[in-house]
Amino acid sequence: MKVADMHCDTISELYKKRKQGSKEGLLANGGHVDLGKLKAGGSWVQNFALYVNLGETDSPWEDVLGMADFYEEELKKNEEAVAPAYCYEDMEKNDKDGKISALLTVEEGGVCEGSLARLRHLYSRGVRMMTLTWNYPNEIGYPAIHAQKDRAGDMFFYKRADREHGLTERGEEFVAEMERMGMIIDVSHLSDAGFYDVLRLTKKPFAASHSNARAISPWVRNLTDDMIKKLAERGGVMGLNFCPDFLEEGLPGEKNTGSIAAIVRHAKHIINVGGAECIGLGSDFDGIEGHGELPDFSYMPKLWDALQKSGFGEGELEKIFSKNVLRFYKETLSGKPLQNQIPR
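Draft legend 1. Layout of unusual backbone geometry. Of note in this structure, His-189 is not a glycine but carries a positive phi near 80°. By the element assignment, His-189 lies in the loop between strand E6 (184-186) and helix H7 (192-201). Here Asp-286, not a glycine, exhibits a phi torsion of approximately 65°, which is positive.

The structure is reproduced here in structure tokens:
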């Protein structure tokens, strides 16, 4: 079993703890993802997101650069076990060398503060995927859930889709430049209107790195059936998110701890709607409170076994756990420069 996970927030969590005096690093820590857990869970490629909460910082650009520095330091410390990947060919080479591939991403396009020069700088630092928004409007566009507006006295905020506010004019320039450079556009967290703007403005496949099916759980962070179909038709891929609330709607007043059965339901629905080629994994480990039956990355074999027992064949499982994501990377990142340089 090999795993390609499209999203975790481990670097951001470790960076925050390091600023508070912690010595924990990528080798071993008390979170959901470290090198020991990755090895135990069969990791081939792990996306590491540099996540910045715009509501908790006065300097998002400095924060993302600090996280990038920390990421590079941690990879250097552990270079015998993990290596950066800037293109699909790097992933193949790292696997042959017995190393886990680390793909650097950014979660929150607002760190660029509207600057295309900063976007290009992120590419030069190795970033190969960027989530256009998190839960705040930014210079690029509008989110599915507005962290300040929607949560203020509206208990059903998570069901109210924004079909009016999508990408800004600057956001249109961002997606054009990302597609030109070869940085994957990630529509997780983006509003419904923003999703269709990306679909209209681009030609290449794009991703929803950590999003589930809205037909199964009504959170607007999840994709509608039409979105799943359109993403699949474009050749894109979506990663199953392990966040309990995104997997199933909890009962009022009761803590939702998450179940593997809910992941199975989403997987079956996504394949029924979009086909077997559009689904992967996007755990959101270290960015979610946790999942009761999948406490950390080392439990990935448990998910494989559960999906197999529910009727998924070996070929389907391989597609879900790695092959679809690797196919997507081969199409979107193949032949990109091995060095951190901006293609001209």
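So much for the structure itself; the text now carries on.
Draft legend 2. Spatial organisation of the packing of helix H3 (residues 60-77) against helix H5 (residues 116-124). For the pair H3 and H5, the least separation of the axes is 12 Å and the interaxial angle reads 10°. Overall, the two elements H3 and H5 adopt an arrangement that is roughly parallel. Along the contact surface, H3 presents Trp-61, Val-64 and Leu-65, while H5 presents Arg-118, His-121 and Leu-122. Partitioning the contact of H3 with H5 into residue classes produces four nonpolar, one polar and one charged.

Draft legend 3. Broad picture of the pattern of salt bridges. Counted by the stated rule, this structure contains 24 salt bridges. A salt bridge links Lys-230 to Asp-226; the shortest N-O distance between them is 2.8 Å. In this pair, Lys-230 and Asp-226 are both assigned in helix H8 (residues 225-234), four residues apart and thus about one turn of the helix distant. The exposure class of Lys-230 is partly exposed, given its relative accessible area of 26%. Among the salt bridges present, the one from Lys-323 reaches Glu-318, with a minimum N-O distance of 3.1 Å. Take Lys-323: its relative accessible area is 47%, and that puts it in the partly exposed class. Residues joined in a network through salt bridges with shared partners are Arg-18, Glu-74 and Lys-77.

Draft legend 4. Quick peek at the packing of aromatic side chains. Applying the stated criterion across every chain, the model contains 13 aromatic pairs. Pairing Phe-328 with Tyr-329 gives two aromatic rings, centres 5.8 Å apart and planes at 45°, and the pair type is tilted. Here the aromatic residues Phe-157, Tyr-158, Trp-219 and Phe-246 are joined through ring pairs into a cluster of three or more. Seen from the ring of Trp-44, Lys-2 lies directly overhead, with NZ or CZ sitting 4.4 Å from the centre.

Draft legend 5. Quick look at the packing of helix H1 (residues 10-19) against H3. Relative orientation of the contacting elements H1 and H3 amounts to 100°, with a least axis distance of 10 Å. In this view, H1 runs roughly perpendicular relative to H3, as classed from their interaxial angle. Two secondary-structure elements touch here, H1 through Ile-11, Ser-12, Leu-14, Tyr-15, Arg-18 and Lys-19 and H3 through Asp-63, Gly-66, Met-67, Phe-70, Tyr-71, Glu-74 and Lys-77. Looking at the contact of H1 with H3 residue by residue, the class counts come to six nonpolar, two polar and five charged.

Draft legend 6. Region of interest: the pairing of strand E5 (residues 127-131). Across the five residues that make up E5, a large majority, five, are buried. Relative to E5, strand E4 (residues 100-107) runs parallel, the two being bridged by four bridges. Counted as the bridge partner of Leu-104 is Val-127 from E5. In this view, the connection linking E4 to its parallel neighbour E5 by way of H5 has right-handed handedness. By the bridge criterion, three bridges tie E5 to E6 in an arrangement that is parallel. Its bridge partner being in E6, Met-130 is matched across the sheet by Ile-185.

Draft legend 7. How the structure looks around H8. Of all the residues in H8, the buried ones are Met-227, Ile-228, Leu-231 and Arg-234. Take H8 and look down its axis: the buried residues cluster within an arc of 130°, on one side only. Elements in contact with the buried residues of H8: H7, strand E7 (207-208), strand E8 (237-240) and helix H10 (260-274). One or two positions beyond H8, positive phi appears at Gly-235, with a value near 90°.

Basis of the calculations
- Residues numbered from 1 in each chain as written.
- Predicted model: local features only at pLDDT ≥ 70, side-chain atom pairs only at ≥ 80, totals over all residues.
- Heavy atoms only, no water.
- Helix = DSSP H or I, 4+ residues; strand = E, 2+ residues; numbered from the N terminus.
- Axes fitted to C-alpha atoms, helices over the stretch in contact; angles between N-to-C directions.
- Parallel < 35°, antiparallel > 145°, perpendicular 65-115°, else oblique.
- Contact = heavy atoms within 4.5 Å.
- Nonpolar A, V, L, I, M, F, W, Y, C, P; charged D, E, K, R; others polar.
- Salt bridge = Lys/Arg side-chain N within 4 Å of Asp/Glu carboxyl O.
- Buried < 20%, exposed > 50% of the residue type's maximum accessible area, 1.4 Å probe, protein only.
- Phe/Tyr/Trp six-rings, centres within 6.5 Å; stacked < 30°, edge-to-face > 60°.
- Lys NZ or Arg CZ within 6 Å of the ring centre and 35° of its normal.
- Pairing = 2+ DSSP bridges.
- Right-handed = clockwise from strand over helix to strand, strands pointing away.
- Arc of directions from axis to C-beta.

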